[in-house]
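What follows is the residue order along each chain.
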Amino acid sequence: MPSFALVKKTLAAIFLSATALCAQAGTIYVQADRMVDVVSGTMVEKPALVITDGRVTALGAQGAVPVPEGAERLDLTGMTILPGLIDMHVHLTGRHDMHGYEGLAESTGDETINGVIHAEKTLMAGFTAARNLGAAGFSDVALRRALAANRLKGPRLYVSGPSIGATGGHCDNNLLPPEYDAHSQGAADGPWGVVRKVREVKKYGADLIKICATGGVLSKGTQVGAQQLAQEEMDAIVAEAKRLGLKVAAHAHGTAGIKAAIRAGVDTVEHASFIDDEGIRLAKERGTYLSMDIYNTEYILSAGEAAGFLPESLAKERVVGKTQRESFTRAVKAGVKMVFGSDAGVYPHGDNGKQFARMVQFGMTPMQAIQAATVNAADALGASADLGTLTVGRYGDLIAVKGNPLADISLLEKVDVVVKGGEVVKGRP
Ligand SMILES: [Zn+2]
């Protein structure tokens, strides 16, 4: 039987920690030297903002924004704040060091655990939201649920469930001989076959649809440039997805497949490696976003053999990586809408930000590269009311770096402070 004094002491301790928790989740006042305003495309000096119950409730110049009574203070003097970053193409349930036949040994359970580990790495790299494109067994839906319930640390997730693609195509499992009868969950054929998959993916909790319009680098026996879904199949997928209120992301490297996907009305084209001038014109006309993973070629070509990539994948990447960077430069010059998509999982999670410097090297201004990962990404997700900018009413998701990222974009490879929903998850000074 505990003594009365001990009970009193314990109750007091519980009360104290409860009030500490309330203050933390309640209101936070943030000030910094600079803020990247991704809407106007300018740098703002001496900003201050208040986040209350997870959302931005005040924003302005220091001195003009009153510090609410009892608010926690986060003083980021010497630093630049930006909206939380958004990676539009990640594979959280996949490991960078288990490709090709190595990956066959991974169960859905293993993949779910991978997701838990990689979600935290992604958040710590400054990505407070991410779009996961393709996962077996709806492990990505489980991950999103646990993150949304705050049971895990990680970005706000938008997930596709299994990728939908043709039998024998890039998103099927082509590694085993016929007696194993191995198929990926999303393999389907014909307009009604793929429509059924769209309905199934929605039924089990996906937020969006991922399709494989063409061959790919990492799949066995696919020609990277070849179209794999017929126009009729993509038209049927997009029409059904729209009826269900879902966006569609299309993996497409090859010229014809890219254009067929844009004509079908997909929201984002992933990779877009061999896009031609007509494809660029179509993307501009239709407002289709391109999501071009122009960093990961460096990882595949340097560490690929040890990571288990198939020899044919390495051969394909030697051609694709170089062409994709040239295509990126042409698309940026033409003014096509772009989002930041890294394909992390092909390369190590947490290194997502390494792509920023390549986006600048191959034609973007630093501001454009940051906009691709913030305001544009939120628009492509259909989540502009919540994400992508530091604006009153949006989530209180922000990052901070020492120095000026518009002068040195590589600062985004090592983000110092991460705040998600008003909670400081990294780098409290
Ligand atoms: Zn991918």
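Every chain is numbered on its own, with residues counted from 1 as its sequence reads. The predicted origin of the model limits local features to residues at a pLDDT of at least 70 and limits the giving and counting of side-chain atom pairs to 80 or more, whereas totals for whole chains, interfaces and linings rest on all residues. Working from all heavy atoms in the structure, the side-chain values ignore hydrogens and water.

A. Structural context of the overall build of the protein. Each helix corresponds to a stretch of at least 4 residues labelled H or I by DSSP, and each strand to a stretch of at least 2 residues labelled E; elements are numbered beginning at the N terminus. A count of helices and strands for the protein gives 12 helices and 16 strands. The C-alpha radius of gyration of the protein comes to 22 Å, within 12% of the 22 Å expected for a compact globule of 429 residues. Taking the principal axes of its C-alpha atoms as reference, the protein extends roughly 70 × 60 × 45 Å. When accessible area is computed with a 1.4 Å probe and restricted to protein chains, residues below 20% of their type maximum are described as buried, those above 50% as exposed, and intermediate ones as partly exposed. By residue count, 54% of the 429 residues in the protein fall in the buried class. Contacts are residue-level and defined by heavy atoms, with any inter-residue pair within 4.5 Å sufficient. At a minimum sequence separation of 6, the contacts of the protein that also span at least 24 residues come to 69%. The Shrake-Rupley method, run with a 1.4 Å probe sphere, supplies the accessible areas, and residue values consider only the shown protein chains as cover. For the protein, the exposed surface amounts to about 17,400 Å²; the carbon and sulfur share of it is 55%. Note on charges: Lys and Arg go in the positive column, Asp and Glu in the negative column, and His and the chain ends are not counted at all. Charge positions come from single atoms, namely NZ of Lys, CZ of Arg, CG of Asp or CD of Glu. Considering the protein, the positive charge centre built from 44 side chains and the negative charge centre built from 46 side chains are found 4 Å apart. Atoms counted for the radius of gyration: C-alpha only. Globule rule: 2.2 Å times residue count to the power 0.38.

B. Structural detail: the sheet that holds strand S6 (residues 85–90). With parallel pairing, the 3 strands of this open sheet are ordered in space as S6-S7-S8. Each edge of the open sheet carries a strand with a single partner, namely S6 and strand S8 (156–159). In this sheet, adjacent strand axes meet at a mean angle of 15° when their direction is disregarded. Pairing of strand S7 (residues 127–132) with S8, which is carried by 4 bridges, proceeds in the parallel orientation. For Asn132, the partnering residue across the bridge sits in S8 and is Val159. Against the sheet, helix H3 (residues 139–148) contacts S7 and S8, and its axis sits at roughly 155° relative to S8. Any two strands with at least two DSSP bridges between them are considered paired. To define axes, lines are fitted to C-alpha atoms, for helices over the stretch in contact only, and angles between the resulting N-to-C directions are given on a 0 to 180 degree scale.

C. Structural detail: the pairing of S8. Along S8, one buried face is formed by Arg156 and Tyr158 and the opposite face, lined by Leu157 and Val159, is buried too. Note on the crossover from S7 through H3 to S8: the handedness is right-handed. A crossover counts as right-handed when, viewed with the strands pointing away from the observer, the path leading from the first strand over the helix to the second turns clockwise.

D. Quick peek at the coordination of the zinc ion. All of the protein donors around the zinc ion are His89 (NE2), His91 (NE2) and Asp343 (OD); their distances to the metal are 2.1 to 2.3 Å. Along the chain, the residues donating to the zinc ion fall in the pattern H-x1-H-x251-D. Neither His89 nor His91 differs from the other in exposure class; each is buried. Donor atoms are limited to N, O and S found within 2.8 Å of the metal ion, a distance that becomes 3.2 Å for Na, K and Ca. With water left out, some sites might look partial.

E. Spatial organisation of the environment of Lys210. Here Lys210 shows up in strand S9 (residues 208–212). Along the sequence, Lys210 and Val248 sit 38 residues apart, while their C-alpha atoms lie 5.8 Å from each other. If sequence neighbours within four positions are ignored, Lys210 has contacts with His91, Leu133, Ser160, Pro162, Ser163, Ile164, Ala249 and His251. Contacts described as polar in this section are N or O atom pairs within 3.5 Å, which, within protein, must combine one atom able to donate a hydrogen with one able to accept it, while residues neighboring in sequence count only if both atoms come from side chains. Looking at Lys210, its side chain comes within polar contact range of the main-chain oxygen of Leu133, at 3.4 Å.

F. Molecular detail of the pairing of strand S11 (residues 268–271). As paired elements, strand S10 (residues 247–252) and S11 share 4 bridges and run parallel to each other. Within S11, the residue paired with Ala250 across the bridge is Val269. Viewed along the sheet, the connection from S10 through helix H6 (residues 255–264) into S11 turns out right-handed. Two strands pair when backbone bridges link them, and S11 and strand S12 (residues 289–291) are joined in this way by 3 bridges, in the parallel orientation. Note that in S12 the partner of Glu270 across the bridge is Ser291. Where the polypeptide runs from S11 across helix H7 (residues 277–286) and back to S12, its parallel neighbour, the crossover connection is right-handed.

G. Summary view of the packing of H6 against H7. Contact geometry of H6 with H7 gives a least axis separation of 10 Å together with a crossing angle of 15°. Here H6 is positioned roughly parallel relative to H7, judged by the angle of their axes. Judged by the twist between their axes, the crossing of H6 over H7 is left-handed. Residues Lys259, Ile262 and Arg263 of H6 form the contact with H7, whose participating residues are Glu278, Gly279, Leu282, Ala283 and Arg286. Amino acids are sorted into nonpolar (Ala, Val, Leu, Ile, Met, Phe, Trp, Tyr, Cys and Pro), charged (Asp, Glu, Lys and Arg) and polar (every other residue, Gly among them). Residue composition of the contact of H6 with H7, grouped by class: 3 nonpolar, 1 polar and 4 charged. An angle below 35 degrees is read as roughly parallel, one above 145 as roughly antiparallel, one from 65 to 115 as roughly perpendicular, and any other as oblique. Each crossing gets its hand from how the near helix is turned against the far one by less than a right angle, where anticlockwise is left-handed and clockwise is right-handed.

H. Structural context of the packing of helix H5 (residues 231–243) against H6. Packing of H5 against H6 brings their axes to within 8 Å, and their N-to-C directions diverge by 35°. In this structure, the crossing between H5 and H6 has a hand that is right-handed. Counting all contacts with H5, which are made through Gln231, Met234, Asp235 and Val238, the residues of H6 involved are Gly257, Ala260, Ala261, Arg263 and Ala264. Here the contact of H5 with H6 is built from residues that sort into 5 nonpolar, 2 polar and 2 charged.

I. Molecular detail of the sheet that holds S10. Read across the open sheet, the 5 strands follow the order S9-S10-S11-S12-S13; overall the sheet is parallel. In this open sheet, the two strands that pair with only one neighbour each are S9 and strand S13 (338–339).

J. How the structure looks around the packing of aromatic side chains. For Phe, Tyr and Trp, where Trp contributes only its six-membered ring, two rings pair if their centres lie within 6.5 Å, and the inter-plane angle classes them as stacked under 30 degrees, edge-to-face over 60, or tilted in between. For the structure on display, the rule yields 5 aromatic pairs. Taken together, Phe127, Phe340 and Phe356 form an aromatic cluster joined through their ring pairs. Over the aromatic face of Tyr395 sits the side chain of Arg55, whose NZ or CZ is 4.2 Å from the ring centroid. Charge-over-ring contacts are defined here by two conditions on Lys NZ or Arg CZ: a distance within 6 Å of the ring centre and an angle within 35 degrees of the ring normal.

K. Just the environment of Leu398, in detail. Structurally, Leu398 can be placed in strand S14 (residues 398–402). On the basis of relative accessible area, Leu398 is assigned to the buried category, the value being 0%. Along the chain, Leu398 and Gly254 lie 144 residues apart, while their C-alpha atoms are 36 Å from each other. Other than its neighbours up to four places away in sequence, Leu398 contacts Leu49, Ile51, Ile81, Leu82, Pro83, Gly84, Leu390, Val417, Val418 and Val419.

L. Looking closely at H5. One less than the number of residues in a helix, times 1.5 Å, gives the span that helix is expected to have. End to end, H5 covers 18 Å across 13 residues, agreeing with the expected 18 Å (1.5 Å per residue, within 8%). Along H5, the residues that are buried comprise Glu233, Met234, Ala236, Ile237, Val238, Glu240 and Ala241. Summarising the contacts, the buried residues of H5 are in contact with helix H4 (191–203), S9, S10 and H6. Immediately beyond the C-terminal end of H5, within one or two residues, lies Gly245, with a positive phi of roughly 75°.

What is shown is where atoms sit, not what they do.
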